[in-house]
Each structure stands twice: as structure tokens, then as C-alpha cells.
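Results of the structural survey
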Amino acid sequence: MTRSEVVQTLLSEHARSPVKSTGVAYAPANIALCKYWGKRDADLHLPVTSSLSVSLGPLGTHAKLTPDAAPTLSINDETIPIDSPVAQRCHDFLALFDRGPFRVETRSTVPVGAGLASSASAFAALTTAADDLFGWDLPLAHRSILARLGSGSASRSVVPGFVEWQVGERADGMDSHALPLDVTWPDLRIGILHVSDAPKPIGSRPAMHRTRETAVLYESWPAQVARDLPVIRDAIHNRDLARLGPAAEANALSMHATMLASWPPILYAQPETTALLHRIWKLRKDGLSVFITIDAGPNPKLIFEAAQTAELEAAFPGLEVVAPFQTERG
Ligand code: PMV
């Protein structure tokens, strides 16, 4: 099945005309605690394994969708040239819905340079804004599948809190979507350490492909997830940082190990990233309960609880602390 056929299947029974003048939505960014790395279907963004994330509450994307004669895009009030890659990607995604063109306005509450991918929250917000504009009232699973067609990790950004993206078995991906975990953890904190917001040497899409094609080590990745995911899920249900932290950190570093074993090698860490990891390991050795996760970029994220905030802010003055279970802002 192609992406258009998936969309057609999900939307064929749904309205073609807007029920209001503008559709609006907010979607949070998310950080994977058990990572998604590698696709079994590159077109439908179907993953090799399940993954599990926490949505970042107030950090995310607000999207406004208005039917218009010509497609436009503005991000944080700045008009983006329509032939730029970001505008193309946005409108190509919306074209799948076959109901445009639209004036698209997005506003991000993710701090600039935080090294957080904004694409996940953006595609999730666009999907939910379309749902609002046309009054579809799609079930969560269907919104997640549609958002996934924009970017894999967007499938997890359609809901707040902890979310598991189920790998699914079907070739059309209709069973590969988000499933929220029924648990909150008000004291959980994610800390963002800012190393660099320079463009990545390679995007996550080609990097995943190269890892799968060239790294023998990648063959062990599904086994790594099979070991980590049940521990991470169970630790979340028990709000047990002492179990969550090591499993999440090992999972992230294993993902990076598979990239390093690719050819040509992929290393997102900068020297400063490595220095930070050593500092955090030292703090942990000295008794602080803090763990690391890191995505396709040089900026490590810390996993800890509210009680450790003051000590970590003192150790890392630029630390951006996120409370995932706080409500949105901005
Ligand atoms: O959804 P993409 O194509 O941006 O890939 C995201 C990959 C990681 O952020 C490294 C891992 C994840 O699960 O979010």
C-alpha cells in the first residue's frame, strides 16, 4: 500500500468540506526512552521495533490550518518560502489528505537551539488541526497513523504523557500506531543540555537507512529493544527511576553504537557531548540519580526527578528543565 492509499482508506468516509474557518491544534514534542531506529517500510515509516516515549507537555507545536487558494507556511510569524524543503515537506504531507490547499501557521514552544526535533510535534499538530478543521473526530490510532506518514516519531506526539508506538505486523501499517500508557509521573523531569544547534551531518532518515544496510551490529538492535522495552514500561508503571534510568540510557547508547558501527560511520556526539556524559557519570557515581538519553544530534537529555532539579541546575547553568506532566504554555 502507498501512503496515499493508507490516507484514502482512513479518510474515505470522512468530510471533504471544512466545518469551521480554521482548524487549530497543539501537539507536544516527545523524547523516546526506548528508541525507534530503523524502518521495515521506508515509505510508510513502519518501524523495525516498538518504541516508547514521554511527551514534553508544554514544549511542542501549535498549528493553524485555513483553506486558501494557494499554499503558504509561516513558522513563528516568519513566512517560509514555499519552495524551501521545510515548506515542501509540510505541503506534500498535507497534500496526502487531498483537501487543500491551506494556509499553514505554526508556532513552536520548543526553545530555539534545544536540539529537539520539531518535526514530530509539527506533523502531529498538522494532523490534529486537519481533524479539527474538517470535524472528522478521528480515533487516536488513526491520527497517529496519519502523523506517522509525516515522520515516524510524530506517531507518538498525538497524545500527552507516556506513549508506546506499537511496531505492528501488517504490511499496510494499520496496527502500527501510538498507544498511551495509563500512568502519570508528575515528578519526572527531562533536562535538555545544549551543545550545538548546527545542522546535523546526516538526517535521521538516511542515517537509519545506512545503519540498517551496513552495520552488522544493527542485527542485535531488535534484541536490545526486546530486552529494554518491558523493563522501561514496567519501571514507568512503578515510577521507578532506578530501573527506568539504566534501561533508557543503555538503550540510547546502544542505538548510537549501531550508528558508529555503520559505514561511513555516524557519530552525532561532539567532543562537548562526550565531556558532558563523563560529567554526568561522575555525578551519578557521587550519588545523584540522573540518567542520559540522546537522539540524532549532539545534545544530551537528562532523565531525573524534581528533587534533583536544584543540584543539576547548579551543575549545568544552561540546563532547560521540562516537566512533562505540566500543561501546555505559549
Ligand atoms: O521520526 P524521525 O525520522 O525523526 O526519527 C527519530 C529517531 C530518534 O529520535 C533518534 C529516536 C526516536 O525514537 O525518536
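Preceding this paragraph is the structure being described.
Anyway, here's the lowdown on the structure attached to this text. Keep in mind that this is a model prediction, so the values were computed, not measured.

1. Here's the deal with the nonpolar core
Soluble globular proteins tend to bury their nonpolar side chains together. Grouped together as the largest cluster of nonpolar side chains are 43 residues, with contacts concentrated most on Leu33, Trp37, Phe162, Ile232, Ile236, Leu244 and Ile303. If you list the elements that add at least two residues to this core, you get strand S1 (23–34), strand S4 (51–67), strand S8 (162–165), strand S10 (188–192), helix H5 (204–214), helix H6 (221–237) and helix H7 (241–260). Membership of the second largest hydrophobic core comes to 41 residues, among which are Phe97, Ala120, Val158 and Ala178.

2. Brief notes about the pattern of salt bridges
With the rule as written, the count across this model stands at 14 salt bridges. Residue Asp132 pairs with Lys20 through a salt bridge whose shortest N-O separation is 2.8 Å. In this pair, Asp132 is assigned in helix H3 (residues 119–134) and Lys20 in the loop between helix H1 (3–11) and S1, connecting sequence segments 112 residues apart. Of the residues examined, Asp132 reaches a relative accessible area of 21% and is grouped as partly exposed. Residues Arg284 and Glu249 are paired through a salt bridge, measuring 2.7 Å at the closest nitrogen-oxygen approach. Of this pair, Arg284 sits in helix H8 (residues 271–285) while Glu249 sits in helix H7, and the two are 35 residues apart along the sequence. Via salt bridges that share partners, Lys35, Asp295 and Lys301 belong to a single interconnected network.

Conventions used here
- Residues numbered from 1 in each chain as written.
- Predicted model: local features only at pLDDT ≥ 70, side-chain atom pairs only at ≥ 80, totals over all residues.
- Heavy atoms only, no water.
- Core = buried A, V, L, I, M, F, W, Y, C linked by side-chain atoms within 4.5 Å.
- Buried < 20%, exposed > 50% of the residue type's maximum accessible area, 1.4 Å probe, protein only.
- Helix = DSSP H or I, 4+ residues; strand = E, 2+ residues; numbered from the N terminus.
- Salt bridge = Lys/Arg side-chain N within 4 Å of Asp/Glu carboxyl O.

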